[in-house]
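What follows is the residue order along each chain.
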Amino acid sequence: MNKNNNSVSIAWLKILLSVAILILCFFRNRVIPQDNKALVISGTAVTVLLIILCLRLIASAIGTLVGAEKNAAPKKLPDTPIKLWDQDELFAYLKQEDIIDLILDKGNGETLKVGTRSDYRRERYGKAEYFDKCYYIEEEEYTDLSDFIAQFARVHGDGNVRILYVGIEDMPVEIK
């Protein structure tokens, strides 16, 4: 089980456990005797805290599930590359793009996910201002292009780059 599948399993476990606790909170009056005021007040306080905790757990689990879905590779990659570049062409392309995801063929059925990420701020009239750009290889991020290039040389020694997929936030895009 890889890291992504493990986090998805934990997220579902959090959701199921939280729902079970919420159901128990709903039926607390059947367990706590109503004639003992101190116990009722204590039970209500604990119930409120449990409800808040469960809602936070569910929200974080949903965020994990959505994030895992966004970071998932496309279901079906082509058998042949859609583009063949040398490393310099790849680095130039990544330098000009603020947000892009690429899946490269490393050979022997192995792939490598690389790209760029940026935060952005929307201006009044729909124009976005990008900032905090970083380059990534799989899950590791590099703020400096030279650090990215050095790591890329270590993990993808081949001078030729065989591109299987190009997309922006799970939407395929064409490259020239």
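Anything mentioned here points back to the structure above.
Nothing here was measured: the structure is a model prediction, and the numbers come from that model.

Reading the values: rules and limits
Residues numbered from 1 in each chain as written. Predicted model: local features only at pLDDT ≥ 70, side-chain atom pairs only at ≥ 80, totals over all residues. Heavy atoms only, no water. Phe/Tyr/Trp six-rings, centres within 6.5 Å; stacked < 30°, edge-to-face > 60°. Buried < 20%, exposed > 50% of the residue type's maximum accessible area, 1.4 Å probe, protein only. Helix = DSSP H or I, 4+ residues; strand = E, 2+ residues; numbered from the N terminus. Salt bridge = Lys/Arg side-chain N within 4 Å of Asp/Glu carboxyl O. Arc of directions from axis to C-beta. Core = buried A, V, L, I, M, F, W, Y, C linked by side-chain atoms within 4.5 Å. Contact = heavy atoms within 4.5 Å. Polar contact = N/O pair within 3.5 Å; in protein donor to acceptor, adjacent residues only side chain to side chain. Disulfide = S-S within 2.5 Å. Pairing = 2+ DSSP bridges.

1. Quick look at the packing of aromatic side chains
Here's step 1: By the definition in use, this model includes eight aromatic pairs.
Here's step 2: Look at Phe26 and Phe27: their rings are 5.0 Å apart centre to centre, the planes differ by 80°, and that puts the pair in the edge-to-face class.
Here's step 3: Judged by relative accessible area, Phe26 falls into the exposed class, the value being 64%.
Here's step 4: Here the aromatic rings of Phe91 and Phe152 are separated by 5.5 Å at their centres, their planes lie at 85°, and the arrangement is edge-to-face. Linking Phe91 in helix H3 (residues 87-96) with Phe152 in helix H4 (residues 145-155), this pair joins segments that are 61 residues apart in sequence.

2. A short note on the pattern of salt bridges
Where charged atoms from two side chains of opposite charge approach closely, those side chains can pair.
Here's step 1: Taken as a whole and judged by the stated rule, the model has three salt bridges.
Here's step 2: Close ionic contact of Asp105 with Arg162 constitutes a salt bridge, the shortest N to O distance being 3.8 Å. You can see Asp105 sitting in strand S2 (residues 100-107) and its partner Arg162 sitting in strand S6 (residues 160-168), a full 57 residues away along the chain. For the pair formed by Asp105 and Arg162, the shared burial category is buried.

3. Regarding H4
Here's step 1: Within H4, the full set of buried residues consists of Leu145, Phe148, Gln151 and Phe152. Considered in projection along H4, the buried side chains sweep an arc of 125° and stay on one side of the axis.

4. Considerations on the nonpolar core
Here's step 1: In this structure, Leu90, Leu102, Leu104, Val114, Phe148, Phe152 and Ile163 are the most contacted members of the largest nonpolar core, which totals 20 residues.
Here's step 2: Here this core gets four residues from one element, more than from any other, and that element is H3.
Here's step 3: Contact partners of Phe148, with chain neighbours within four places excluded, come to Phe91, Leu94, Val114, Tyr135, Tyr136, Ile137 and Tyr142.

5. Regarding the side chain of Asp105
Here's step 1: Asp105 sits in the buried class, given a relative accessible area of 17%.
Here's step 2: In terms of polar contacts, Asp105 uses its side chain to reach the backbone amide nitrogen of Gly107, at 2.8 Å.
Here's step 3: Once residues lying within four places of it in the same chain are set aside, the contact partners of Asp105 are Glu110, His156, Arg162 and Leu164.

6. Brief notes about the state of the cysteines
Here's step 1: In total, this model carries zero disulfides according to the counting rule given.
Here's step 2: Here Cys54 is not disulfide-linked; the sulfur of Cys25 is the nearest cysteine sulfur, at 6.1 Å.

7. A look at the pairing of strand S4 (residues 128-137)
Here's step 1: The pairing of strand S3 (residues 110-122) with S4 spans eight bridges and is classified as antiparallel. Looking across to S4, one finds that Arg117 is bridged to Cys134.
Here's step 2: Taken together, S3 and the strand that follows it, S4, pair antiparallel across an intervening segment of five residues, in which Gly126 is found at a positive phi of about 85°.
Here's step 3: Pairing analysis gives three bridges linking S4 to strand S5 (residues 140-142), with the strands arranged antiparallel. Considered in S5, the bridge of Tyr135 is made with Tyr142.
Here's step 4: The antiparallel hairpin formed by S4 and S5 contains two residues in its connecting segment, where Glu138 sits at a positive phi of about 55°.

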